[in-house]
Amino acid sequence: MQMYEAAELRKKWDSRPCSHPHVVSEYHRGTKTGDYVCTTCGDVGWGKNWPTEEAQHKLKE
Ligand SMILES: [Zn+2]
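Counting restarts for each chain: residues are numbered from 1 in the order of the written sequence. Owing to the predicted nature of the model, reporting of local features is limited to residues with pLDDT of at least 70; listing and counting of side-chain atom pairs is limited to 80 or more, with chain, interface and lining totals taken over all residues. As a rule here, side-chain values cover all heavy atoms of the structure and leave hydrogens and water aside.

(A) A look at the sheet that holds strand β3 (residues 44-46). With antiparallel pairing, 3 strands are arranged side by side in an open sheet as β1-β2-β3. Both edges of this open sheet fall to β1 (23-28) and β3, since each of them pairs with a single strand only. Geometrically, the sheet is characterised by an average inter-axis angle of 50 degrees between neighbouring strands, direction not taken into account. Throughout, a contact is declared for two residues whenever any of their heavy atoms are within 4.5 Å. Axes, fitted as lines to C-alpha atoms, cover a helix only where it is in contact. Angles between the N-to-C directions of the axes lie from 0 to 180 degrees. Only DSSP runs of H or I with at least four residues qualify as helices, and only runs of E with at least two residues qualify as strands; both kinds are numbered from the N terminus onward. Relative to β3, helix α2 (residues 50-60) is tilted by about 90 degrees, and along the sheet it contacts β1, β2 (31-38) and β3. Two strands form a pair only when DSSP identifies at least two bridges running between them.

Given below as structure tokens:
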């Protein structure tokens, strides 16, 4: 997914809660940024499993 598409998704999603069921590689034009984007809400994180790590982090708090 392109960076601008992720930005559009984030705008549309409007910070509602999301369980990030599916993430894909983020691209800036033809280049991978190394980040992964949630296809539902457009949230971006480092590494394919960031939604899982984020969920575990929330449980600990
Ligand atoms: Zn999400």
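(B) Region of interest: the coordination of the zinc ion. Bound to the zinc ion are the protein donor atoms C18 (SG), H20 (ND1), C38 (SG) and C41 (SG), situated 2.0 to 2.3 Å from the metal. For the zinc ion, the 4 donor atoms in the first shell make angles of 104 to 115 degrees at the metal, a pattern classed as tetrahedral. Distances define the donors: N, O and S atoms within 2.8 Å of the metal qualify, as do those within 3.2 Å of Na, K or Ca. Water is excluded, so some sites may look unfinished. Sequence spacing of the donors to the zinc ion: C-x1-H-x17-C-x2-C. Judged by its relative accessible area of 0%, C38 is buried. Between buried and exposed lies partly exposed: a residue is buried under 20% and exposed over 50% of the maximum accessible area for its type, with that area taken using a 1.4 Å probe on protein chains only. For C41, a relative accessible area of 5% gives the class buried. Geometry is assigned from donor-metal-donor angles: four donors are tetrahedral when every angle falls between 85 and 135 degrees, four are square planar and six octahedral when opposite donors sit over 155 degrees apart with all other angles between 65 and 115, and any other arrangement is irregular.

(C) How the structure looks around the packing of aromatic side chains. Stacked, tilted and edge-to-face are the three classes assigned to paired rings of Phe, Tyr and Trp, where Trp is represented by its six-membered ring and a pair needs centres within 6.5 Å; plane angles under 30 degrees give stacked, over 60 edge-to-face, the rest tilted. For the structure shown, the criterion picks out 0 aromatic pairs. The positively charged end of R16 is found above the aromatic ring belonging to W13, 4.3 Å away from the centroid. Whether a charge lies above a ring is judged from NZ of Lys or CZ of Arg, which has to be within 6 Å of the ring centre and within 35 degrees of the ring normal.

(D) How the structure looks around the pairing of β2. Note that β1 and β2 share 5 bridges and pair antiparallel. In the strand pairing of β2, V24 is matched with V37. Two successive antiparallel strands, β1 and β2, enclose a turn made up of 2 residues, where R29 displays a positive phi of approximately 55 degrees. The sheet contact formed by β2 and β3 spans 3 bridges and is antiparallel.

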